[in-house]
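What the coordinates show
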Amino acid sequence: MVSCQGCGKETDTRLCCPKCTALGRTSFFCSQECFAKNWPAHNKLHVIIKQSQMVIERERRTSQGGSATDSGHLVVPGGMPGGRTDSSSQSTRSGIDSPPVEPTAVS
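Numbers given to residues run from 1 along each chain, matching the order in which its sequence is written. Local features in this predicted model are restricted to residues of pLDDT 70 or higher, and side-chain atom pairs are both shown and tallied only at a pLDDT of 80 or more, whereas totals for entire chains, interfaces and linings draw on every residue. Think of the side-chain values as coming from all heavy atoms in the structure, minus any hydrogens and water.

1. Comments concerning the overall build of the chain
- Labels follow the DSSP assignment, with helices taken as runs of H or I lasting at least four residues and strands as runs of E lasting at least two, numbered in each case from the N terminus. The number of helices and strands found in the chain is three helices and five strands.
- Along the chain, helices (α) and strands (β) appear in the sequence β-β-β-α-β-α-α-β when read from the amino end.
- Contacts are assigned to residue pairs with any non-hydrogen atoms lying within 4.5 Å of each other. In the chain, 45% of the contacts between residues at least 6 apart in sequence involve partners at least 24 apart.
- We get accessible surface area from the Shrake-Rupley algorithm with a probe of 1.4 Å; when it comes to residues, only the shown protein chains can shield them. Here the chain has roughly 7000 Å² of accessible surface; of this, 53% comes from carbon and sulfur atoms.

If you want it as structure tokens, here you go:
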């Protein structure tokens, strides 16, 4: 059993946010509805994780004697400057990414 990151209830569903999975984390939800309902708040976690990864990468680069910025931009591991992973990334007018279609089942 895991706790749902949306409502806090114990669940056996093991539906995991695909963005968190891509960022090396796991965030489980009890249902697609709970995932969608809690998306605006949950998506803020992705920003925090990306910022943490940027700090870690900058510290790694500077501890190796290099510059934190080679091209004037911080580089997100596996991504483009600014945290985008490809040039087709789009956000809604509110500035919050739309939720993925469904969370991914993890066994």
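2. A short note on the packing of aromatic side chains
- Two rings from Phe, Tyr or Trp (for Trp, the six-membered ring) form a pair when their centres are within 6.5 Å of each other. A pair whose planes differ by under 30 degrees is stacked, one over 60 is edge-to-face, and the rest are tilted. Under the criterion given, the structure shown has two aromatic pairs.
- Ring centres 4.9 Å apart and planes at 65 degrees place the aromatic pair Phe29 and Phe35 in the edge-to-face group.
- Note on classification: 1.4 Å probe, protein chains only; a residue is buried when its accessible area is under 20% of the maximum for its type, exposed when over 50%, partly exposed between these limits. On the basis of relative accessible area, Phe35 is assigned to the buried category, the value being 0%.
- Consider the rings of Phe35 and Trp39, whose centres lie 5.6 Å apart with planes at 70 degrees: the pair is edge-to-face.
- Look at Trp39 and you get buried, because its relative accessible area is 3%.
- Site record: aromatic cluster; members linked through ring pairs are Phe29, Phe35 and Trp39.
- Between the NZ or CZ atom of Arg14 and the centre of the ring of Phe28, over which it lies, the distance is 4.6 Å. Both a distance and an angle decide whether a charge sits over a ring: NZ of Lys or CZ of Arg must be within 6 Å of the ring centre and within 35 degrees of the ring normal.

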